[in-house]
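# An overview of the molecular structure
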Protein chains: 2
Amino acid sequence: MNTQIPKESLQLRSLVKKNGEMELSLAATPVPDPGPNEVVVRIEAAPINPSDLGLLLAAVDWKDPKVGGSANRPTVTAATPISAGALRAMAARVDISMPVGNEGAGVVIAAGSSAAAQALIGKTVAGLGGAMYSQFRTLPVSQLLVLPSGTTAREAASCFVNPLTALGMVDTMRREGHKALVHTAAASNLGQMLNRVCLQDHVPLINIVRNADQEALLRSAGARYVCRSDSGTFMQELTEALAATGATLAFDAIGGGPLAGQILACMEAALNRNATTFNRYGSPVHKQVYLYGALDPSPTVLTRNVGMAWGVGGWLVMPYLEKIGPQGLQALKDRVAAELKTTFASHYSGELSLLEALRPENIDAYGRRATGQKYLINPNK
Amino acid sequence: MNTQIPKESLQLRSLVKKNGEMELSLAATPVPDPGPNEVVVRIEAAPINPSDLGLLLAAVDWKDPKVGGSANRPTVTAATPISAGALRAMAARVDISMPVGNEGAGVVIAAGSSAAAQALIGKTVAGLGGAMYSQFRTLPVSQLLVLPSGTTAREAASCFVNPLTALGMVDTMRREGHKALVHTAAASNLGQMLNRVCLQDHVPLINIVRNADQEALLRSAGARYVCRSDSGTFMQELTEALAATGATLAFDAIGGGPLAGQILACMEAALNRNATTFNRYGSPVHKQVYLYGALDPSPTVLTRNVGMAWGVGGWLVMPYLEKIGPQGLQALKDRVAAELKTTFASHYSGELSLLEALRPENIDAYGRRATGQKYLINPNK
């Protein structure tokens, strides 16, 4: 008993042209009929995650963009073209109009012939499928999370990226033999979520934040260790917290600048604090910082006062999910569904239609990646 | 049938004092009687490896040091005291007179009661035991490598650190799933040795060097890929070599500055060269640079144009040897002994007595870590 499937779906697009121009637009795309194990979802809420912004806005200055097109099909073009170097790094997407949006939620309006698909009609589901800044998406049942009744699309919009990232961090800590965690940009939606997961799982967590408001936010959520990088005694405070928790693993969303190296140096200082013999190569205990973001895109600067047992590297949730396999993923999804309104709740500062998402003042707002400022796109608003 | 065991052995010492003064001296130390499975070795050749210099000279300016003591027991003190920060990092060695010298070779002059120990009397052996800048060392048989007759102590002096490091690099490549190697400061004694190992084992090796002489040296030794970091087209040439070999692992002796990041960036560029689809996170193939030295002690600067599948970290031969266990180590030792005059031959630019090792002009020479300049200490010269 399918609702009429719309012929077309408006979709947000990001295009990098050969000449370096970068343009956002809306495109009308066909809605494929669902296969036996597929459904058509009317997308009502899709978050703009930091991981979406790289594709959507690239590393481009979006100040004072040029607005063009028509009222219903506007385009917006960055005032400054992309540099030749950055363009080379994006070679594979040049002149291809890219859809955007890793995750989102909505209501199933049509389904394929299988019982599993038919059972979802009318249900609120969340999906991880790309191109979620679309009015309608045809998706396989296996890529969906079915929410308990009474769950809104807004509540379900951020079911995947942040929850699975937070759970993946704690699981990586266990698999790699560490016993406590450090997290930077810790007042973010993800950071608040990680704090709740760690409190629930009794994992000591050191939250690194940038100001008093962020500290207060995390303290009020029960965080025990909060270190402020704007403090004149940041390194001492961090070393104390590291000595108290024994944390030798950090996840860093900042990426650029000295922070990752400072964390390693403080870990080394905490480990050496009670050293009784001189080891010319420093502590033999391995210290690791994973960079999972690039809030600061400048180079990562590592001072060599960390001994020799250390590592810094990139970390992404998707390769982690591949590693744990479908059964492991299902267990995580079940936990997310059960705790969606508590541990895994997200908060948003605004909801934008597709047209509103192309307005310069809104691009400026969601492009800032400011802590606590997270936006939803509702393609059917 | 033991020779008379000398009562005392002169030993080179390095001392960091609480007030930041750093002093080199000679100390007379007792020679312990050998236990059943031990022998006494008269040390005749011990190399000054980069890995010894950290302990011996620390990161201190040794220009115009103060010479004191007597003709037979001189002392030499660095003109500038160690900074408070560096002193904190060396807390565990402060006011402790440290013996130096990771490895060396000589002749067994006395042995404990066991047959294994007795069998070594008069033999040339190499040892990895620390405190090798000593006239005599009592060492367990298990820590020795017995050389074929006709091997001199000078030939045997560098049996362990460089050969096991070169073999460890190739083995790490295999264990971590890479198929080719990059090596920096590749004209060093170690680099030349790694080149010979890789030629023999058919492992593609990209040698990064700093000038034309170093390139010529490696080319004459059969190196196929040599990239000069002083070339204006270094990055392009390195990318070409990486694309040709598929190397995704580098061992870097430089450590500081942009080089490690440049290697990762060129690996990423080589991997993306034939990419047919855009991956916003870059190539999913893991790229790794291990820093095993600090010829440049300035911070390591990593530009973030390397995708997300990458790692940088410290690497040391000793933890690697612990990982492969005693049987693995014995196999490596056997290969080193068999190929000591070919694959694992070392070259020295000077041989110093213990007294000569304390002369300011010699400290200046071996402290420079210049490529191709490697010194031996002969404590019985």
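Structure first, text after, so check above.
This report concerns the structure included in the present document. Throughout this description, residue numbers start from 1 for each chain and increase along the sequence as written. Chains carry letters from A onward and ligands carry numbers from 1 onward, assigned in written order. Totals for whole chains, interfaces and linings use every residue, but because this is a predicted model, local features are given only for residues with pLDDT of at least 70 and side-chain atom pairs only at 80 or more, for both listing and counting. Heavy atoms from the whole structure form the basis of all side-chain values; hydrogens and water molecules are not counted.

### Structural notes on the overall build of chain A
What counts as a helix is a DSSP run of H or I of at least four residues, what counts as a strand is a run of E of at least two, and both are numbered from the N terminus. Of the regular secondary structure elements, chain A holds twelve helices and 20 strands. The dimensions of chain A, computed from C-alpha atoms along their principal axes, are 75 × 50 × 35 Å. Taken across its 381 residues, chain A has 56% of its residues classed as buried. Two residues qualify as a contact provided that any one of their heavy atoms is within 4.5 Å of a heavy atom in the partner residue. A separation of at least 24 residues holds for 72% of the contacts in chain A among residues at least 6 apart in sequence. Shrake-Rupley sampling with a 1.4 Å probe provides the accessible areas, and residues are treated as covered by the protein chains on show and by no other component. When the accessible surface of chain A is summed, it comes to about 15700 Å², and 54% of that surface belongs to carbon and sulfur atoms. Across chain A, the mean location of the 34 positive side-chain charges is 2 Å away from that of the 30 negative side-chain charges. Summary of the burial criterion: residues with accessible area below 20% of their type's maximum are buried, those above 50% are exposed, and those between are partly exposed, where the area comes from a 1.4 Å probe applied to protein chains only. For the charge count, each Lys or Arg is scored as positive and each Asp or Glu as negative, with His and the chain ends excluded. In this description, the location of a charge corresponds to atom NZ of lysine, CZ of arginine, CG of aspartate or CD of glutamate.

### Some points on the relation of the copies chain B and chain A
The two chain copies are connected by a rotation around an axis plus a translation along it. Under the fitted operation, chain B is carried onto chain A by 0.0 Å of movement along the axis and a turn of 180°, and the coordinates agree to an RMSD of 0.0 Å. The superposition operator between the copies reduces to a two-fold rotation axis. Looking at the rotation axis and the C-alpha trace of chain B, the residue lying nearest is Val 301 of chain B, at 2.3 Å. Alignment of the copies relies on least squares applied to C-alpha atoms, considering only residues that score at least 70 for pLDDT in both.

### Digging into the sheet that holds strand 15 (residues 255-257) of chain B
Any two strands with at least two DSSP bridges between them are considered paired. In spatial order, the strands read 15(A)-17(A)-17(B)-15(B); together these four strands make up an open sheet with mixed pairing. Among the strands making up the open sheet, the edge pair consists of strand 15 (255-257) of chain A together with strand 15 of chain B. Strand after strand, the sheet turns through a mean of 55° between neighbouring axes, direction not considered. Across two bridges, strand 15 of chain B lies against strand 17 (residues 296-302) of chain B in parallel orientation. Counterpart to Gly 255 of chain B in the pairing with strand 17 of chain B is Asp 296 of chain B. For helices, the axis comes from a line fit to the C-alpha atoms of the stretch in contact; other axes are also lines fit to C-alpha atoms, and the angle between any two N-to-C directions lies between 0 and 180 degrees.

### With respect to helix 8 (residues 234-245) of chain B
Residues that lie three or four places apart on an α-helix share one face, since the helix turns once every 3.6 residues. All names here are of chain B. Helix length check: helix 8, at twelve residues, gives a terminal C-alpha distance of 16 Å against a target of 16 Å (1.5 Å per residue), a fit within 8%. Turning to helix 8, its buried residues are Phe 234, Leu 238, Thr 239, Ala 241, Leu 242 and Thr 245. Down the axis of helix 8, the buried set is contained in an arc of 165°. They therefore lie on one face. Residue Gly 246 follows helix 8 closely and has a positive phi angle near 75°. Multiplying 1.5 Å by the residue count of a helix minus one yields the expected span of that helix. Within this analysis, the arc is defined by the directions that extend from the helix axis to the C-beta atoms.

### Here's the deal with the pattern of salt bridges
A side chain of one charge can pair with a side chain of the opposite charge if their charged atoms are brought near each other. Every case where a carboxyl oxygen of Asp or Glu lies within 4 Å of a side-chain nitrogen of Lys or Arg is listed as a salt bridge. By the definition in use, this model includes 34 salt bridges over all chains. The partner of Lys 341 of chain A in a salt bridge is Glu 155 of chain A, and the shortest N-O contact between them spans 3.6 Å. Taken together, the positions of Lys 341 of chain A in the loop between helix 10 (317-338) and strand 19 (350-352) and Glu 155 of chain A in helix 4 (residues 153-156) put the pair 186 residues apart, joining distant regions of the chain. Overall, the relative accessible area of 51% leaves Lys 341 of chain A in the exposed class. The salt bridge involving Arg 174 of chain B is made with Asp 201 of chain B; its shortest N-O contact spans 3.5 Å.

### Here's the deal with the environment of Arg 196 of chain B
Residue and element names in this part refer to chain B. Within the fold, Arg 196 resides in helix 6 (residues 189-201). On the accessibility criterion, Arg 196 (22% relative accessible area) is partly exposed. Residues Arg 196 and Gly 367 lie 171 residues apart in sequence; the distance between their C-alpha atoms is 26 Å. Arg 196 has contacts with Thr 342, Thr 343, Phe 344 and Ala 345, leaving out every residue within four places of it along the chain.

### What about the packing of helix 8 (residues 234-245) of chain A against helix 9 (residues 259-272) of chain A?
Residues and elements named next belong to chain A. Relative orientation of the contacting elements helix 8 and helix 9 amounts to 55°, with a least axis distance of 8 Å. Overall, the two elements helix 8 and helix 9 adopt an arrangement that is oblique. Note on packing geometry: the crossing formed by helix 8 with helix 9 is right-handed. Each of Phe 234, Met 235, Leu 238, Thr 239, Leu 242 and Ala 243 in helix 8 lies in contact with helix 9, whose residues at this interface are Leu 259, Gln 262, Ile 263, Cys 266, Met 267, Ala 269 and Ala 270. When its residues are assigned to classes, the contact of helix 8 with helix 9 shows eleven nonpolar, two polar and no charged. Note that the term roughly parallel is reserved for angles under 35 degrees, roughly antiparallel for angles over 145, roughly perpendicular for angles of 65 to 115, and oblique for everything else. It is the rotation of the near helix from the far one that decides the hand of a crossing: anticlockwise by less than a right angle makes it left-handed, clockwise makes it right-handed. In this classification, the charged set is Asp, Glu, Lys and Arg, the nonpolar set is Ala, Val, Leu, Ile, Met, Phe, Trp, Tyr, Cys and Pro, and all remaining amino acids, among them Gly, are polar.

### Section: the interface of chain B and chain A
Listed per partner, the contact involves 35 residues of chain B and 35 residues of chain A. By convention, the term buried area covers the 1.4 Å-probe accessible surface removed from two parts as they join, with the contributions of both added. Regarding the contact of chain B and chain A, the summed buried area is about 2800 Å², with carbon and sulfur atoms giving 63% of it. At the boundary of chain B with chain A, the tally comes to zero salt bridges. Looking at the side of chain B that touches chain A, the elements that each hand over two or more residues are helix 1 (50-57), strand 15, strand 17 and strand 18 (310-314) of chain B. No other element matches strand 17 of chain B, which puts six residues into the side of chain B that touches chain A. Split into classes, the residues belonging to the side of chain B that touches chain A amount to 19 nonpolar, twelve polar and four charged. Both strand 18 (residues 310-314) of chain A and strand 18 of chain B contribute to a ladder of three bridges, which runs antiparallel. Paired with Gly 313 of chain A across the strands is Gly 311 of chain B, a residue of strand 18 of chain B.

So, to be careful, I would describe these as geometric facts and stop short of saying anything about function.
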